[in-house]
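# Observations on chain architecture
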Amino acid sequence: MKLLRFTLAAAMAATLTGGAVSAQEETSASTLYGDLSHVTQDMLDRAAGDGNNFLHTNGNYHQTRYYPARQINTDNVRGLRPAWIFQTEIVDTMETSPIVVNGIMYVTTAFNHVYALDARTGRQIWHHKHNMGPVTTYCCGPNNRGVAVSGDRVFMGTLDAKLVALDAKTGKQLWETQIADPELGYSETMAPTVVNDMVLIGTNGGEYGIRGFVKAFDAATGELKWTFHTIPENSVGVWATHDATGRDMLRDIEAEKAALAKMGDPYETLGGGVWQNPAVDLETNRIYFVVGNPSPDLDGSLRPGDNLYTDSLVAVDMNTGEYICHFQYIAHDVWDLDAVSPPIITTVKDGGGNDVKGILHAGKTGYVYVHKADDCSLIRFSEPMVSQEGRWTLPTAEGARMLPGANGGVEWSPMAIDPNLHLSYAINLHQPMTYTVKSSPYPEGKLWLGGSFDVIPEEEQWGNVSAVDYNTGKIRWKVRTEQPMIGGILATAGGLVFTGEGNGLFKAYDSATGSELWRFQAGAGVNAPPSSYTVDGKQYIVVAAGGNAQLNYKRGNNIIAFTLAD
Amino acid sequence: MRHLAALISASLAATPAVAQDAFVLEDAVALCATCHGEEGKPIDPEYPIIWGEQYFYIYTQLRDFAAGRRASDVMTPMAAQFSRDQMKAIAEYFAARPWPTIEASMEEGDAAIAEKGITGGQCSACHGKWQGDSRIPRLAGRQPGYLRKTMHDFKNEVRTNAPDKTSTMKQLDDQTIDALARYLATL
């Protein structure tokens, strides 16, 4: 290991001396880390300990968003200043997680532009604009949450439901493959995940009556390797009456059974999108992901049964896509309080106080759920991070108030953890809504909510940053923010968590106490997950400030990298 | 004006010039222009602008008119004469035209009322920055009369080809709809 570290250090020294290109030429390709710009599987595997790069959307395969570098820390974060600001061509909603490979940063914008930037300076290296087809169908803004990297390639899903592979050095498209039919409501906003030369990606479309999936494609060719349908042909389940937190969901089981006998299993248009990346367990060759809401969102009359595997944590075999286990949080959801924030793998205490491999997920209900990884079973759920008012209240024709609203709790925003503090960090929305149901038949690819969920503008809305001890379920600290929060969060070994707000503020908190230690006004909504990296001996924090379409936060087009003032 | 459109529609039904076996794009779009305007500005404040509208939105609306999902005495018989490929050709033609400039203004207090309505209905989740995209229609710079009529038609279930809009619009009172129509028209 010492030898390997020396090799890496030597290569970094070459980088410092001669710049990126010459460093690549001088570094032996036979080192464990290759030429540093070529992303090996080993680099991807070890990303959790890599304080130079940021190789995965959520930091590493376990999706901890815990960055190991500590140059920026609680003692000096007050000296954090913008190092550079890059302005993209598209002034619109930004959800990208910057990916950094050996001093090169890859970011995406709305409508599927990709930029490669010099992570030291923000200088543009290349710009790729996806040749968008005429048909796109997407919910919640023309978003993109970033790229995946492997080898010399960059991968992106597109709004017209394609997967594209680009040359990492030039931005030139190498291949594209059609994942599904956008006319039927399929689209891609999530970043892919690459593992063992497979590109894994889910789909949007739970608001359009799709049949959801996770697919694996060959990273070299784009050829489909396997498909896991998130909606099995038998989606009925066990007729669960209570949700994961033990509350009665007020289902009329007899009416549902009668409807099932009449109309059959609704699996073909039952939704079940997968909005976010799977967590990858390299020890067991499993992936864990969460499945979104059933279609139509608010109208359960057309979809009797538990609607498996909507609103669930699901594990499948990474190499074959075969089902392993699942846990459904809400059966027969009629509130769109589904499962979207990406799961995290980490060691947790089980009910007997033993360390076990666990899965964390922040539900739109506003709870952190803690599972056993081996069988997906629930160990515990946390205290609620947001008020629970009227849960559950069935939607009505006139509209019925409930909190959380349909944006959650916690939206798609990824959590971060600090494994030393055994804390998970989530960003929350306090946003009461009225839930209205109005039945309408499957509209062949058009929006199919089965009613509407409407914000109550007269009621106060706000957000929280919450730290939950996942070994006890107790909230350690909670900080209120001016607006409901959407975007993401990053924890670092410097004892910090970073997250942004719709009003343009980007803040650093003490990860142990929640004390606010630093803030910056970005001028547009900071509603994207931050990343970190180290280059030329300096640690940076980087985040997109482009606002958010879903919550109508002020749009912008900035990628802002921060480092400590000299 | 609506009477004129009905007459045009009736005459179209009996005219072979745009029948499927002799489709001439120029004739079809000239017919559209009689109501939607020679230079993209409709002849009636409640008619939609189709110059510069999204291709896929125009196409899906023509399909919905033809199938009766969007009921219209004028548009249904007109659209029903076209094949899907002909509808696509018409949609492509108009999508490539420039969006016309229309005159619109807000009244005092409109912006605040409209923005409150937008927050409540979460309108920007689909309509983004109001320019439209693919199957989402452009709202910015539309005629306020058309916007107002459309919101009321959704609310009153006169227009039913986007059924979720009914639930959303029922949450909005008339004052908010009026303010929204003027606000969006001026963007």
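Residues numbered from 1 in each chain as written. Chains lettered and ligands numbered in written order. Predicted model: local features only at pLDDT ≥ 70, side-chain atom pairs only at ≥ 80, totals over all residues. Heavy atoms only, no water.

## Re the overall build of chain A
A tally of helices and strands in chain A yields three helices and 36 strands. In terms of C-alpha radius of gyration, chain A reaches 22 Å, essentially the compact-globule figure of 24 Å for 566 residues. Seen through its C-alpha atoms, chain A measures out along the principal axes to roughly 75 × 50 × 45 Å. For chain A, the proportion of its 566 residues judged to be buried stands at 68%. Across chain A, the fraction of contacts at a sequence separation of at least 24, relative to all contacts at a separation of at least 6, is 61%. (Helix = DSSP H or I, 4+ residues; strand = E, 2+ residues; numbered from the N terminus. Rg over C-alpha atoms; globule rule 2.2 N^0.38 Å. Buried < 20%, exposed > 50% of the residue type's maximum accessible area, 1.4 Å probe, protein only. Contact = heavy atoms within 4.5 Å.)

## Some remarks on the packing of aromatic side chains
Residues and elements named next belong to chain A. Enumeration over the complete set of coordinates arrives at 28 aromatic pairs over all chains. Through successive ring pairs, a cluster of aromatic residues spans Phe327, Tyr329, Tyr367, Tyr369 and Phe381. The residue whose ring lies beneath Arg145 is Trp412, and the NZ or CZ to ring-centre distance is 5.1 Å. Here the guanidinium or amino end of Arg480 rests over the ring plane of Trp462, the centre of that ring lying 3.7 Å away. (Phe/Tyr/Trp six-rings, centres within 6.5 Å; stacked < 30°, edge-to-face > 60°. Lys NZ or Arg CZ within 6 Å of the ring centre and 35° of its normal.)

## Some thoughts on the layout of surface pockets
Residues and elements named next belong to chain B. As a volume, the largest pocket reaches approximately 830 Å³. Lining the largest pocket are 37 residues, with Pro48, Phe65, Arg70, Ser72 and Met75 sitting closest to its centre. Taken together, the elements giving at least two residues each to the lining of the largest pocket come down to helix H1 (2-14), helix H2 (25-36), helix H3 (55-67), helix H4 (75-80), helix H5 (84-95) and helix H8 (144-155). In terms of domain composition, the lining of the largest pocket takes at least three residues from each of domain 1 (2-95) and domain 2 (110-185). (1 Å grid on protein atoms, 1.4 Å probe; cavity = no way out; pocket = protein on both sides within 12 Å on 5 of 7 lines; lining within 4 Å. Points joined across faces, edges and corners; volume = space filled by probe spheres on them. Domains from an automatic or database assignment.)

## Describing the pattern of salt bridges
On inspection of all chains with the given rule, the structure shows 37 salt bridges over all chains. Three or more residues joined by partner-sharing salt bridges are found here, namely Asp336, Asp338, Lys364 and Glu411 of chain A. (Salt bridge = Lys/Arg side-chain N within 4 Å of Asp/Glu carboxyl O.)

## Focus: the sheet that holds strand S31 (residues 496-500) of chain A
Backbone hydrogen bonds hold the strands of a sheet together, and the pairing may be parallel or antiparallel. Residue and element names in this part refer to chain A. Taken together, the five strands give an open sheet; going across it, the order is S1-S30-S31-S32-S33, and neighbouring strands pair in mixed fashion. Both outer strands of the open sheet, strand S1 (66-67) and strand S33 (516-521), are each paired with one neighbouring strand and no more. Here S31 runs beside strand S32 (residues 505-510); their pairing, made up of five bridges, is antiparallel. Opposite Phe498, over in S32, you have Ala508 as the bridge partner. (Pairing = 2+ DSSP bridges.)

## Concerning the domain arrangement of chain B
Residues and elements named next belong to chain B. Looking at chain B, the domain boundaries give domain 1 (2-95) and domain 2 (110-185). At the junction of the two partners, domain 1 supplies 15 residues and domain 2 supplies 17 residues. For domain 1, the biggest contributors to the area lost against domain 2 are Glu46, Gln54 and Tyr57; these three give 33% of the whole. Taken together, the connections running from domain 1 to domain 2 amount to one salt bridge. A salt bridge links Glu53 to Arg142, with the shortest nitrogen-to-oxygen separation between them at 2.2 Å. Our count for the contact surface shared by domain 1 and domain 2 stands at 16 residue pairs in polar contact (both at pLDDT 80 or more). Taken together, the residues that form the side of domain 1 that touches domain 2 break down as seven nonpolar, two polar and six charged. (Buried area = accessible area lost by both parts, 1.4 Å probe. Polar contact = N/O pair within 3.5 Å; in protein donor to acceptor, adjacent residues only side chain to side chain. Nonpolar A, V, L, I, M, F, W, Y, C, P; charged D, E, K, R; others polar.)

## Let's talk about the pairing of strand S10 (residues 173-178) of chain A
Side-chain positions along a regular strand alternate between the two faces of the sheet. All names here are of chain A. In this sheet, S10 lies alongside strand S9 (residues 162-167) in antiparallel orientation, the contact comprising five bridges. For Leu163, the partnering residue across the bridge sits in S10 and is Thr177. Between S9 and the antiparallel strand that follows it, S10, lie five residues; Gly171 among them carries a positive phi value of about 80°.

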